[in-house]
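Single-letter residue listing:
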Amino acid sequence: MKYLSTRGGMTPKTFSEILLGGLAPDGGLVMPESYPQLSRADLDTWRNLSYPQLAFEVISRFADDIPADDLKKIINASYMEEIFGSSAITPVKTLEPGLYILELSNGPTLAFKDVAMQFLGNVFEYVLARENAELNILGATSGDTGSAAEYAMRGKKGVRVFMMSPHGKMSPFQTAQMYSLQDPNIFNIAATAPFDDCQDIVKAVSNDLAFKEKYKIGAVNSINWARVIAQVVYYFKGYFAVTQSNDETVSFTVPSGNFGNVCAGHIARSMGLPIAKLVVATNENDVLDEFFRTGVYRPRPQTVHTSSPSMDITKASNFERFVFDLVGRNPAVLNGLWAQIESQGYFDLKETPYWAKVADYGFVSGASSHADRLATIRSVFERYGVMVDTHTADGIKVAASYREAGIPMLCLETALPAKFDETIMEALGRHAPRPAGLDNLEALPQRFEVMAADVEAIKRYIVAQTSA
Ligand SMILES: *Cc1c(COP(=O)(O)O)cnc(C)c1O
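Here is what the cut-offs are and how they apply
Residues numbered from 1 in each chain as written. Predicted model: local features only at pLDDT ≥ 70, side-chain atom pairs only at ≥ 80, totals over all residues. Heavy atoms only, no water. Helix = DSSP H or I, 4+ residues; strand = E, 2+ residues; numbered from the N terminus. Rg over C-alpha atoms; globule rule 2.2 N^0.38 Å. Buried < 20%, exposed > 50% of the residue type's maximum accessible area, 1.4 Å probe, protein only. Contact = heavy atoms within 4.5 Å. Near = heavy atom within 4 Å. Polar contact = N/O pair within 3.5 Å; in protein donor to acceptor, adjacent residues only side chain to side chain. Areas by Shrake-Rupley, 256 points an atom, 1.4 Å probe, with all protein chains shown as cover. Nonpolar A, V, L, I, M, F, W, Y, C, P; charged D, E, K, R; others polar. Phe/Tyr/Trp six-rings, centres within 6.5 Å; stacked < 30°, edge-to-face > 60°. Lys NZ or Arg CZ within 6 Å of the ring centre and 35° of its normal. Pairing = 2+ DSSP bridges. Axes fitted to C-alpha atoms, helices over the stretch in contact; angles between N-to-C directions. Parallel < 35°, antiparallel > 145°, perpendicular 65-115°, else oblique. Left-handed = near helix turned anticlockwise from the far one by under 90°. Salt bridge = Lys/Arg side-chain N within 4 Å of Asp/Glu carboxyl O. Core = buried A, V, L, I, M, F, W, Y, C linked by side-chain atoms within 4.5 Å.

Chemist: Could you clarify how one ought to interpret the overall build of the protein chain in this entry?
Modeler: The secondary structure content of the protein chain amounts to 20 helices and 15 strands. In terms of C-alpha radius of gyration, the protein chain reaches 21 Å, essentially the compact-globule figure of 23 Å for 468 residues. Here the protein chain holds 468 residues, and the buried ones make up 56% of them. Of the contacts made within the protein chain by residues no fewer than 6 positions apart, 74% connect residues no fewer than 24 positions apart.

Chemist: Explain helix α14 (residues 319–326) here, please?
Modeler: Because each turn of an α-helix spans 3.6 residues, side chains separated by three or four positions in sequence point in the same direction. Counting buried positions along α14 yields eight of eight residues, so the element is predominantly enclosed. Taken as a whole, α14 has its buried residues at F319, E320, R321, F322, V323, F324, D325 and L326. The positive-phi residue at the C-terminal boundary of α14 is G328, with phi of around 70°.

Chemist: What exactly am I supposed to notice about the site of the ligand here?
Modeler: Taken together, 15 residues surround the ligand, and among them K113, D144, G257, N258 and T414 come closest. One of the backbone N or O atoms of G260 is found 3.2 Å from an oxygen atom in the ligand. A distance of 2.9 Å separates an oxygen atom of the ligand from a polar backbone atom of N261. Isolated, the ligand exposes 380 Å² of accessible area, and the fraction of that covered by the protein chains is 97%. Split into classes, the residues belonging to the shell around the ligand amount to five nonpolar, eight polar and two charged.

Chemist: How do you make sense of the packing of aromatic side chains when you look at a structure like this?
Modeler: Geometry of an aromatic ring pair is reported as the spacing of the ring centres plus the angle between the planes. Applying the stated criterion across every chain yields a total of 31 aromatic pairs. Judged by centre distance (6.1 Å) and plane angle (85°), the rings of F162 and Y461 are edge-to-face. Linking F162 in strand β6 (residues 159–166) with Y461 in helix α20 (residues 455–466), this pair joins segments that are 299 residues apart in sequence. Judged on exposure class, the residue F162 and its partner Y461 are both buried. Ring centres of F259 and F292 lie 6.1 Å apart, and the angle between their planes is 15°; on these two criteria the pair is classed as stacked. Within this pair, whereas F259 is found in the loop between β9 (250–255) and α12 (260–271), its partner F292 is found in helix α13 (residues 287–294), the two being separated by 33 residues in sequence. Every member of this aromatic cluster is reached through a ring pair, and the members are F259, F291, F292, Y297, F319, F322, W338, F347, W355, Y361 and F363. Sitting above the plane of the F56 ring, K72 keeps its charged end 4.8 Å from the centroid. Between the NZ or CZ atom of R329 and the centre of the ring of Y35, over which it lies, the distance is 5.1 Å.

Chemist: Help me out: how do you make sense of the sheet that holds strand β14 (residues 409–413) in this one?
Modeler: Where strands meet in a sheet, backbone hydrogen bonds hold them as pairs that are either parallel or antiparallel. Across the sheet, which stays open at both edges, the six strands sit in the order β3-β4-β14-β9-β10-β13 with mixed pairing between neighbours. A single partner strand is all that each edge strand has here, and the edge strands are β3 (92–96) and β13 (363–367). Here the average twist between neighbouring strands, direction ignored, is 25°. Lying over the sheet, α12 contacts β9, β10 (275–282), β13 and β14, oriented at roughly 170° with respect to β10.

Chemist: Is there a simple way to explain the sheet that holds strand β7 (residues 186–191) in this structure?
Modeler: Ordered by their spatial adjacency, five strands build an open sheet running β8-β5-β6-β7-β15, and the pairing between neighbours is parallel. Bordering the open sheet on either side are β8 (217–218) and β15 (449–451), each of which pairs with just one other strand. Here β6 runs beside β7; their pairing, made up of six bridges, is parallel. Paired with P166 across the strands is A191, a residue of β7. The strands touched by helix α9 (residues 195–207) are β5 (135–140), β6, β7 and β8; relative to β5, the strand with the most contacts, the crossing angle is about 150°.

Chemist: What is the right way to read the side chain of Q174 from this model?
Modeler: Within the secondary structure, Q174 is located in helix α8 (residues 172–179). Judged by relative accessible area, Q174 falls into the buried class, the value being 10%. If we skip the residues at most four places from it in the chain, Q174 touches S142, G143 and D144.

Chemist: Is there a simple way to explain the packing of helix α7 (residues 144–153) against α8 in this structure?
Modeler: Packed helices, taken two at a time, are described by the angle their axes make and the gap between the axes. Contact geometry for α7 and α8: axes closest at 9 Å, N-to-C directions at 25°. On the basis of the axis angle, α7 is roughly parallel to α8. Judged by the twist between their axes, the crossing of α7 over α8 is left-handed. Counting all contacts with α7, which are made through D144, G146, S147, E150 and Y151, the residues of α8 involved are Q174, Q177 and M178. Classifying every residue of the contact of α7 with α8 gives two nonpolar, four polar and two charged.

Chemist: Could you clarify how one ought to interpret the pattern of salt bridges in this entry?
Modeler: Should their charged atoms come close, side chains of opposite charge can pair. Counting across every chain of the model gives 21 salt bridges. Among the salt bridges present, the one from R298 reaches E290, with a minimum N-O distance of 3.6 Å. You can call R298 partly exposed: its relative accessible area is 35%. Here E290 falls in the buried class, since its relative accessible area comes to 16%. Each of D286, E290, R298 and R300 takes part in salt bridges that share partners, so that together they form one network.

Chemist: How should I be thinking about the packing of α14 against helix α15 (residues 331–344) in this particular structure?
Modeler: With their axes 9 Å apart at the nearest point, α14 and α15 run at an angle of 130° to one another. One element, α14, and the other, α15, form an angle in the oblique class. Between α14 and α15 lies a crossing whose hand is right-handed. Listed contacts from α15 to F319, E320, V323 and F324 of α14 are P331, L334, L337 and W338. Partitioning the contact of α14 with α15 into residue classes produces seven nonpolar, no polar and one charged.

Chemist: Help me understand the nonpolar core, please; the structure alone is not making it clear to me.
Modeler: Across soluble globular proteins, nonpolar side chains show a tendency to be buried alongside one another. Within the largest apolar cluster, 111 residues are counted, with the highest numbers of intra-cluster contacts made by W225, F236, F259, F291 and F319. The greatest single-element share of this core, amounting to 13 residues, is contributed by helix α11 (residues 225–242). If we skip the residues at most four places from it in the chain, F291 touches V296, Y297, F319, F322, L326, F347, L349, W355 and V358. Residues V364, M387, A399 and A427 belong to the second largest nonpolar core, which totals 22 residues.

As structure tokens, then:
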């Protein structure tokens, strides 16, 4: 399997060659030259596999330059009952016949990003060891991504994580989750600046190509291809869990921000998984909903801060992967569309032949508000006795408009309510339960460095730690 860039300017590369990189050299996103196609016989065999076995079948088709035995070890170490709380890894909960929650948040940081990140930590360590290389991951976080990355990379050889976060701006739970890590390869930088400034610093450091090269600076953001393929696995797992035979179709609703999670659903469907609809659910930041309703993709200048903060995005970084498929994988057309974003702020596909293909791919969408979120958390709790977090609630709200008789609807759970207790209190007047072992999280000793949001200071800090 070779990888290309959506912008057409990258010589084909192997999985191992693209694994540690971010954007392709031409500014595009990496994509496989084609999607592996599954036969009916493949699906029949896969139906009976355990999560790690299924993960191997899916991932090995994309990561074909890692020897099978090594890849199996990496996957087995990533998807263990000890890490995800059950051997199912991503179990399904029935709300009522035909309506299900696909639980993706039973990993160490209580959000779906753990599913892909746990694999990433192990595959990074493997590839770095093989190449006798090191990587310094630099990132900025306002919550979920940073903690999932730290829990995946803690203790891994050859990897250090430098994670900037806005000092005093995360919830006490999120803060404690990250800052209580004592692993010597994890560096929490509490910047005395807002999140956007932290992100600007990460960009500035990464744009210093000489520094980036010399200090092996990398990232684990949501455009990382290995994250996307690790997410493809649970669409298969969810499908098999709610169907009896591979003649049936199911729909998925996905709380979306950067389009990484639902992009994995699109890939599963393109490989041959019988998916009826892929429902994209957004919050008040509805740039994706606008596209799927109107054909206009218009990244926003401003983010609205909402009670489903992990979906507060203005520009959906993985969306370019889907558009690449939509325009027949033609980089010239794609470049033209992205040039329009630069020149006029949007592109509009409504009057093009591509628009009809959006429906053919099964995509529909909807948006949710704070009031919808509260109402959904309440109704799901009252009707089914199940407490859901704010992001999952956005999904369940939007899913209601797209249920069809005879087609199971799986709503992807992207976080546990314990992470967003303030809104749970507001909706239900009671606290979200904490998973076992996390009761005293905020009381644990914390390890972090308070620093000014200054590019040179951050660089000096990285230099000092890497030569220590
Ligand atoms: C990251 C995240 C999302 C959005 O996922 P994308 O892959 O960016 O679309 C939704 N919910 C939660 C809780 C998240 O952490």
